[in-house]
Amino acid sequence: MPFGPDYFASLPRYGLGLGVNPSDLHQTYLEATTVDFFEVTAPAVRHQGPANYREIQRRRSTPAGFRHLRIPDLVGDHRVLVHSTDLNPVYPHAVTPADLADLRHLVELSNAPWVTEDLGVWLMSERHVYPYFMPFPVTEATLTVAIDNIRHIHEHLHVPFNAEFPPMPMVTGGMHAFDFFRTLVTETGAGMCLDIGHVLSYQIARGASPTSDFHRLPWEHITEIHIAGGGIDLHSHGYQYDDSHGDAPIVSVCFDMLDEIIRYAPHLQAITLEIFGARNPRKALQSLRTVRERASVAAWLDKAPQPEPVLPALEEAKQHTRAAVTGLHDLIHGATPVNGQALAAAGAPLLDTFATQEQQRWEYERTQRLRLHGTNVSSYYPLTSRWLMHRENVDEMHFFERLVPSLAGADTTMWDKVNTSFHKLITQDSSDQIGPELLRAEQWMNECAQQPDTPSSAQFGIRIQRVIEGLRTGCLAPRRLLAPSPVTVRHLGECLFETDEDPSTTSPLNTLELPLAAPTPAEPGRAACCTGQ
């Protein structure tokens with residue numbers, strides 16, 4: 001089968017994975033059931049050379065749990081995609097068949113359906129560039145060179161090249177970059193990887209909105225999405241997107257762009273969260289969970305079709321439209337200035353259509369503030385919060401919509417108002433035996449942090465470690481969580497806890513991942529200001 005849309009449609013769905021350099025692998029990632037695959041960078045064999053002594057020293061000082069693993073080390077136990085840094089198709093020096101031999105071996109070993117590489121200048125015979133890469137002139141001449149090189153790559157690699165949209169902090173050349181990529185992939189049958197942060201950098205550089213001109217993209221060729229942490233860098237010459245990866249949070253607009261790409265890419269087979277340089281595995285996996293829980297991603301993973309809009313019945317539509325148009329006419333042709341009173345007099349059908357963009361902005365502000373306050377309050381009782389979501393079968397936002405409005409005002413201290421709200425929520429189901437005990441346990445743990453004279457041990461009627469594990473795995477049958485005899489939990493100091501649930505072993509509770517953490521006000525995309533905390 002020749003490469004192109006039909007080939008991409010026939011490929012298996014890879015799901016949601018992590019993009020890593022060999023030095024980024026952590027044991028936690030290798031054991032996580034939420035990681036569907038790894039996309040691993042393969043260094044350029046033509047310019048790699050042996051590791052220097054500083055690199056060896058760095059590897060020896062790597063934090064605990066990190067391992068240096070390349071593609072051959074992973075393929076036996078994990079699904080792997082290949083990210084090359086060796087193909088260099090926009091430079092007028094084609095890769096020789098001998099240079100492609102190692103990369104072809106990795107493709108065969110991993111059974112990868114394509115090879116992704118940022119479209120940029122990686123290697124130059126006249127200048128030093130690697131291991132970084134440069135933007136390229138977006139011109140018809142560069143396009144001609146890239147088409148010829150990619151055809152050559154296809155002949156020898158036997159899988160399609162996946163052209164990744166590169167970061168473009170500067171606009172170079174006379175072509176629209178989306179037109180460049182559309183012609184490139186349709187002429188060669190190549191695939192395309194949309195790196196959301198890279199696209200955002202290009203849109204900012206040309207002064208356009210994040211999804212402007214998306215209709216010019218070759219949607220049937222898009223096989224993969226990259227998303228990563230970053231930030232908006234404000235400086236004296238304007239602003240740009242900083243594609244920092246690592247442990248940085250994902251900027252909120254990148255999630256909006258993710259939704260749009262999923263909507264329009266019919267042959268999308270992989271979404272990759274790139275975590276190059278990350279050193280906080282717990283935060284990386286939380287970011288992965290956040291991406292997975294995004295409504296558009298969850299529907300895509302379930303292969304659920306995009307819901308069609310439900311149209312109202314004809315007679316109802318006629319009545320609503322007549323009232324909206326009449327109200328609009330009277331509003332803009334009347335003697336009364338446009339204000340709240342005039343809008344109310346125009347009727348609900350007009351209000352539903354008036355200033356839709358402002359409604360969306362206000363709704364965004366509402367959800368951001370609920371998420372900010374809800375996450376902060378839930379951090380007092382992270383396990384109880386997740387238990388309530390499980391018990392009520394609601395997601396995080398629906399839980400916050402119940403929690404935040406229940407909080408008292410400034411006349412009540414934070415600790416007291418949080419306790420009152422959680423006790424009220426947890427006791428609404430009289431048949432729940434787990435929730436009250438879990439709340440009592442977390443209340444004691446909070447008191448250990450706040451009051452030095454709190455007893456150093458307490459007994460509870462639940463197996464707390466099983467609750468934590470069950471909140472991760474979904475195995476939350478009460479018979480597994482209720483303890484036949486009281487379980488002792490001890491405070492070892494500095495909020496380090498251990499439990500005697502299993503007499504054969506003692507595991508510190510704080511080494512396990514808790515489902516919720518307090519927000520960081522400085523993270524981009526959050527409706528936060530200086531709190532002094």
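Residues numbered from 1 in each chain as written. Predicted model: local features only at pLDDT ≥ 70, side-chain atom pairs only at ≥ 80, totals over all residues. Heavy atoms only, no water.

Novice: What is the right way to read the environment of Tyr130 from this model?
Specialist: With respect to the element layout, Tyr130 can be found in the loop between strand S6 (115-118) and helix H6 (140-157). Considered as a pair, Tyr130 and Pro337 are 207 residues apart in the sequence and their alpha carbons are 64 Å apart. (Helix = DSSP H or I, 4+ residues; strand = E, 2+ residues; numbered from the N terminus.)

Novice: Just to check I follow, could you spell out the sheet that holds strand S12 (residues 270-274) for this structure?
Specialist: Strand pairing in a sheet takes place through backbone hydrogen bonds and is either antiparallel or parallel in direction. The 8 strands lie next to each other as S1-S3-S5-S6-S7-S8-S9-S12, forming a closed barrel whose pairing is parallel. The average undirected angle you get between the axes of adjacent strands in this sheet is 30°. Pairing geometry for strand S3 (residues 38-42) and strand S5 (residues 80-84), over 5 bridges, is parallel. Bridged to Thr41 within S5 is His83. Each of strand S8 (191-195), strand S9 (222-228) and S12 touches helix H9 (residues 252-264); the most contacted strand, S9, lies at about 170° to it. (Pairing = 2+ DSSP bridges. Axes fitted to C-alpha atoms, helices over the stretch in contact; angles between N-to-C directions. Contact = heavy atoms within 4.5 Å.)

Novice: Whenever I open this one, the state of the cysteines confuses me. Can you help?
Specialist: Covalent bonding between the sulfur atoms of two cysteines is what defines a disulfide. A full pass over the atoms with the stated rule returns 0 disulfides. With no disulfide of its own, Cys193 lies closest to Cys254 among cysteine sulfurs, the gap being 14 Å. (Disulfide = S-S within 2.5 Å.)

Novice: How should I be thinking about the packing of aromatic side chains in this particular structure?
Specialist: Geometry of an aromatic ring pair is reported as the spacing of the ring centres plus the angle between the planes. Taken as a whole and assessed by the stated rule, the structure comprises 20 aromatic pairs. Look at Phe3 and Tyr7: their rings are 5.2 Å apart centre to centre, the planes differ by 70°, and that puts the pair in the edge-to-face class. Given a relative accessible area of 13%, Tyr7 falls into the buried group. On the basis of an interplanar angle of 45° and a centroid distance of 5.1 Å, the ring pair of Phe136 and Phe180 is categorised as tilted. Of this pair, Phe136 sits in the loop between S6 and H6 while Phe180 is found in helix H7 (residues 177-188), placing the two residues 44 residues apart along the sequence. One aromatic cluster is present, formed by Phe136, Phe165, Phe178, Phe180, Phe181, Tyr202, Phe214, Trp219 and Tyr264 through successive ring pairs. Sitting over the ring of Phe66, Arg279 keeps its end group 4.3 Å from the ring centre. (Phe/Tyr/Trp six-rings, centres within 6.5 Å; stacked < 30°, edge-to-face > 60°. Buried < 20%, exposed > 50% of the residue type's maximum accessible area, 1.4 Å probe, protein only. Lys NZ or Arg CZ within 6 Å of the ring centre and 35° of its normal.)

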